[in-house]
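# Tertiary structure, described
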Amino acid sequence: MFYRDLGRPYPRESCDEIRRRGAVPILSLELWHWGRGRRAGSRLPAIVAGEYDAFFRAWARDAKADGAPVLLRFGFEMNGEWFSWSGDPALFVRAWRRAHGIFREEGADHVTWVWAPNVQSAPDVPANSMHAYYPGDDVVDRVALDGYNFGDHHDEWHRWQSFAEVFDGPLGELLARYPGKPVLIAETGCAPGDPEARARWIRDAHAWLVRRPRVEGIVWFHYDKSRQREPDWRIDATPGALEAFNETFAAPR
């Protein structure tokens, strides 16, 4: 999985490199511009007004020419106030459906559209429920969740949580509300903390997931975000974690 924004061309070379490594690319599209002073303020009104139609049409044509499988995670974590495309579910739905319609017009039907809210809405009020942002069964191919164990030392609002504590309730909602949709854990990770506890967290996560066969995949956020005042999420940031991962998620089956 990797990230792009509204100002860059379709990443054909990156997708090809991922496929050469035997994986399927998950392309997470952020609905803003990197490095152009346009991350502040929502771009949803502009998308709905058609100002980005040419961008989406170019992506759709390039994806069609590519022809190989790709998962598109459009405007992920839309129920979190840390992203500018949050806060207006109706507008988000209109933006999603407009972009999806352009891909359909261009014949890029092999692109898998992934709807991926965060496990907890912020603000956590009914009007900002993750389900308020759902664009409709006809334009969503897979549903997904992002969720993390930030541990006890990140801030005053977080504490150490097991994988089940992070995902059990939200995943139960997804399984019940969208019974015909395949499910992904699109982003997850565990703060370093105690190395033994972290390795145990990974093993427990695997045991929890194998009992839920509708969850078809999981993506570990293998990235050091300490410069952004977040944990170092890399799987090998603590002794034993990589071994636990290799013995569970990465093990031949």
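Residues numbered from 1 in each chain as written. Predicted model: local features only at pLDDT ≥ 70, side-chain atom pairs only at ≥ 80, totals over all residues. Heavy atoms only, no water.

## Regarding helix α4 (residues 89–105)
Residues spaced three or four apart along an α-helix face the same direction, because each turn holds 3.6 residues. This is how the line gets drawn: Note on conventions: DSSP H or I runs of at least 4 residues are helices, E runs of at least 2 residues are strands, and numbering of each starts at the N terminus. The span you would expect from a helix comes to 1.5 Å times its residue count less one. Between buried and exposed lies partly exposed: a residue is buried under 20% and exposed over 50% of the maximum accessible area for its type, with that area taken using a 1.4 Å probe on protein chains only.
Its 17 residues give α4 an end-to-end C-alpha distance of 24 Å, which sits within 8% of 24 Å, the value for a rise of 1.5 Å per residue. By the burial criterion, the buried members of α4 are P89, L91, F92, V93, A95, W96, A99, H100, I102 and F103. A positive backbone phi angle near 80° is found at G107, which sits one or two residues after α4.

## Here we look at the environment of I18
Applicable threshold: In what follows, a contact means two residues having at least one pair of non-hydrogen atoms within 4.5 Å.
Mapped onto the secondary structure, I18 falls in helix α1 (residues 12–20). For the pair I18 and Y223, spaced 205 residues apart in sequence, the C-alpha to C-alpha distance is 17 Å. Ignoring anything within four residues of it in the chain, the contact list for I18 reads F2, A23, V24 and P25.

## Considerations on the sheet that holds strand β1 (residues 2–4)
In plain terms, the rule: Any two strands are treated as partners once DSSP identifies two or more bridges connecting them. For helices, the fitted line uses only the C-alpha atoms of the stretch in contact; every axis is such a line through C-alpha atoms, and the angle between N-to-C directions lies from 0 to 180 degrees.
Strand order in the open sheet formed by seven strands is β1-β2-β3-β4-β5-β6-β7, and the pairing between neighbours is parallel. In the strand order of this sheet, the two ends are held by β1 and β7 (215–220), each with one partner. Between one strand axis and the next, the sheet turns by 30° as a mean value, whatever way the strands run. As paired elements, strand β6 (residues 183–190) and β7 share four bridges and run parallel to each other.

## So, the layout of surface pockets
As a reminder, the rule being used: Points on a 1 Å grid over protein atoms alone make up a cavity when a 1.4 Å probe fits among them but cannot get out, and a pocket when they form an open set with protein on both sides within 12 Å along at least five of seven lines; lining residues each have an atom within 4 Å of a point. Grid points are joined across faces, edges and corners, and a volume is the space filled by probe spheres set on the points. Residues are sorted three ways: Asp, Glu, Lys and Arg are charged, Ala, Val, Leu, Ile, Met, Phe, Trp, Tyr, Cys and Pro are nonpolar, and all the rest, Gly among them, are polar.
Taken as a whole, the second largest pocket encloses approximately 590 Å³ of empty space. In terms of lining residues, the second largest pocket is bounded by 24 residues, among which L184, E216, G217, I218 and V219 are the most central. Elements that contribute at least two residues to the lining of the second largest pocket include exactly β6, α6 (195–210) and β7. No other element matches β7, which puts five residues into the lining of the second largest pocket. When grouped by side-chain class, the residues that make up the lining of the second largest pocket number 17 nonpolar, two polar and five charged.

## Topic: the packing of aromatic side chains
The way to describe two aromatic rings as a pair is by their centre distance and the angle between their planes. To keep it simple, the criterion reads: What counts as a ring pair is set by centres within 6.5 Å for rings of Phe, Tyr and Trp (its six-membered ring), and what kind of pair is set by the plane angle: stacked under 30 degrees, edge-to-face over 60, tilted for all other angles. Distance and angle both matter: a charge sits over a ring if NZ of Lys or CZ of Arg is within 6 Å of the ring centre and within 35 degrees of the ring normal.
Counting across every chain of the model gives 32 aromatic pairs. Here F76 and F83 contribute two aromatic rings whose centre-to-centre distance is 5.3 Å and whose plane-to-plane angle is 85°, an arrangement assigned as edge-to-face. For the pair shown, F76 and F83 are each scored as buried. Aromatic pair F92 and Y133: ring centres 5.8 Å apart, planes at 75°, arrangement edge-to-face. One end of the pair, F92, is in helix α4; the other, Y133, is in the loop between β4 (111–115) and β5 (142–149), with 41 residues separating them in the sequence. A relative accessible area of 0% places F92 in the buried class. Aromatic rings pair up to connect Y3, W32, F76, F83, W85, Y148, F150, F221, Y223 and W233 into one cluster. We note R73 situated over the ring of F76; from NZ or CZ to the ring centre the distance is 4.2 Å. Positioned above the aromatic ring of W208 is the side chain of R212, whose terminal nitrogen or guanidinium carbon lies 3.8 Å from the ring centre.

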